[in-house]
Amino acid sequence: MKPDWELQNCCDKDQKLFLATVGVFTLVILALWRTFLLTPFKLITVFLHEASHAIACKLTCGEVMGMEVHANEGGVTQTRGGVYWLILPAGYLGSSFWGMLLILASTGLLTSRIAAGCLGVALLIVLFVAKNWTLRGLCIGFIIFLAVIWILQEKTTVRILRYVILFIGVMNSLFSVYDIYDDLISRRSYGE
């Protein structure tokens, strides 16, 4: 039997709309990359990057001493103990993982609600362990933002929760690739 490589009828209307939305979000993010408009979304991505270090630390029996996210899109997670060679790459891998998870969660209303709720709870928890006001402000701002989006979703005809979760997922995925390039490739110094 000859395989069908043409993939006829591979995508229905909803799948095509989803892929088109991901494409539009990608273009918007790339077009606005160096503007202040994406700063809160970049900072939430830095937060998820740092949270991934913290999770890896806890999973390897270490202690998280503190987490910081800075306005210049940098961050640091202070740890003690744990398995360092798992904690270090967890930020990059975690950013990619959270991006993928949020993109997948955006495909349904229930999963979007769950993702928004989990993100809100994570931000609330980190609010109390944050070591700097940039991270605290980010937590408070995004908790309010998610609450407003959730209320709009539930009480009005505005149905944007799925799109907000998708946008954050796409942003996270793109930022993780950029972060790997910026931290590990473009900053290399040879023999200096």
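This text goes with the structure placed above it.
No experiment lies behind these values; they were computed from the predicted model shown. (Residues numbered from 1 in each chain as written. Predicted model: local features only at pLDDT ≥ 70, side-chain atom pairs only at ≥ 80, totals over all residues. Heavy atoms only, no water.)

### Some remarks on the overall build of the protein
For step 1, the next point in the chain: Looking only at helices and strands, the protein has six helices and two strands in total.
For step 2, the next point in the chain: Each helix and strand of the protein, ordered N terminal to C terminal, gives the series α-α-β-β-α-α-α-α.
For step 3, the next point in the chain: For the protein, the spread of C-alpha atoms along the principal axes amounts to about 55 × 50 × 35 Å.
For step 4, the next point in the chain: Burial status across the protein gives 38% buried among its 192 residues.
For step 5, the next point in the chain: Contacts in the protein between residues far apart in sequence, at least 24 positions, make up 68% of those at least 6 positions apart.
For step 6, the next point in the chain: Across the protein, the mean location of the 15 positive side-chain charges is 7 Å away from that of the 13 negative side-chain charges. (Helix = DSSP H or I, 4+ residues; strand = E, 2+ residues; numbered from the N terminus. Buried < 20%, exposed > 50% of the residue type's maximum accessible area, 1.4 Å probe, protein only. Contact = heavy atoms within 4.5 Å. Lys, Arg positive; Asp, Glu negative; His and termini not counted. Charge placed at Lys NZ, Arg CZ, Asp CG, Glu CD.)

### Details of a nonpolar patch on the surface
For step 1, the next point in the chain: Taken together, the side chains of Phe 97, Met 100, Leu 101 and Leu 104 make up a nonpolar region of the molecular surface, amounting to roughly 360 Å² of accessible area.
For step 2, the next point in the chain: In this fold, Phe 97 is placed in helix H3 (residues 84–105).
For step 3, the next point in the chain: With relative accessibility at 40%, the residue Phe 97 sits in the partly exposed group. (Patch = residues over 30% accessible without salt bridge, like charges linked within 9 Å, V, L, I, M, F, W, Y side chains within 5 Å. Areas by Shrake-Rupley, 256 points an atom, 1.4 Å probe, with all protein chains shown as cover. Salt bridge = Lys/Arg side-chain N within 4 Å of Asp/Glu carboxyl O.)

### Observations regarding the nonpolar core
For step 1, the next point in the chain: With 39 residues, the main nonpolar core has Phe 47, Leu 123, Leu 135, Leu 138 and Ile 168 as its most contacted residues.
For step 2, the next point in the chain: Looking at this core, the elements that each hand over two or more residues are helix H1 (13–31), helix H2 (39–59), strand E1 (63–69), H3, helix H4 (109–129), helix H5 (133–155) and helix H6 (161–185).
For step 3, the next point in the chain: With nine residues, the single largest contributor to this core is H6.
For step 4, the next point in the chain: Dropping the residues within four chain positions of it, Leu 135 is found in contact with Phe 47, Met 67, Glu 68, Val 69, Val 126 and Ala 130. (Core = buried A, V, L, I, M, F, W, Y, C linked by side-chain atoms within 4.5 Å.)

### Re the packing of H3 against H4
For step 1, the next point in the chain: Running from N to C, H3 and H4 point in directions that differ by 140°, and their axes come no closer than 8 Å. It follows that H3 is oblique to H4 by the angle criterion. Between H3 and H4, the residues in contact are Leu 102, Leu 104 and Ala 105 and Thr 111, Ser 112 and Ala 115, respectively.
For step 2, the next point in the chain: Taken together, the residues of the contact of H3 with H4 break down into four nonpolar, two polar and no charged. (Axes fitted to C-alpha atoms, helices over the stretch in contact; angles between N-to-C directions. Parallel < 35°, antiparallel > 145°, perpendicular 65-115°, else oblique. Nonpolar A, V, L, I, M, F, W, Y, C, P; charged D, E, K, R; others polar.)

### Quick word on H5
For step 1, the next point in the chain: Between its first and last C-alpha atoms H5 spans 32 Å; for 23 residues at 1.5 Å apiece the expected length is 33 Å, and the two agree.
For step 2, the next point in the chain: For H5, the set of buried residues is Leu 135, Arg 136, Leu 138, Cys 139, Phe 142, Leu 146, Ile 149 and Gln 153.
For step 3, the next point in the chain: Residues of H5 that are buried sit in contact with H2, E1, H4 and H6. (Expected span 1.5 Å × (residues − 1).)

### Focus on the environment of Ala 115
For step 1, the next point in the chain: With respect to the secondary-structure elements, Ala 115 resides in helix H4.
For step 2, the next point in the chain: Between the C-alpha atoms of Ala 115 and Ile 165, which are 50 residues apart in sequence, the distance is 7.4 Å.
For step 3, the next point in the chain: Apart from residues lying up to four places away in sequence, Ala 115 is in contact with Leu 102, Ala 105 and Ile 165.

### Brief notes about the pairing of strand E2 (residues 75–80)
For step 1, the next point in the chain: Judged from the six bridges that link them, E1 and E2 form a sheet pairing that is antiparallel. Bridging across to E2, Gly 66 finds its partner in Gln 78.
For step 2, the next point in the chain: Hairpin connection from E1 to E2: five residues lie between these consecutive antiparallel strands, with Glu 73 at a positive phi of about 70°. (Pairing = 2+ DSSP bridges.)

### Let's talk about the pattern of salt bridges
For step 1, the next point in the chain: For the structure on display, the rule yields three salt bridges.
For step 2, the next point in the chain: Across the pair Arg 80 and Glu 63 runs a salt bridge, and its minimum N-O distance is 4.0 Å. Of this pair, Arg 80 sits in strand E2 while Glu 63 sits in strand E1, and the two are 17 residues apart along the sequence.

### Details of H2
For step 1, the next point in the chain: For H2, which comprises 21 residues, the first-to-last C-alpha distance of 30 Å matches the rise-based estimate of 30 Å (1.5 Å per residue) to within 8%.
For step 2, the next point in the chain: Counting buried positions over the 21 residues of H2 gives 16, a clear majority of the element.

### Comments concerning the packing of H2 against H5
For step 1, the next point in the chain: Running from amino to carboxyl end, H2 crosses H5 at an angle of 110°, the nearest separation of the two axes being 10 Å. Taken together, the axis directions place H2 and H5 in an arrangement best described as roughly perpendicular. When the axes of H2 and H5 are compared, the crossing they make is left-handed. For the pair H2 and H5, the contacting residues are Pro 40, Phe 41, Leu 43, Ile 44 and Phe 47 in the first and Thr 134, Leu 135, Leu 138, Phe 142 and Phe 145 in the second.
For step 2, the next point in the chain: Split by residue class, the contact of H2 with H5 holds nine nonpolar, one polar and no charged. (Left-handed = near helix turned anticlockwise from the far one by under 90°.)

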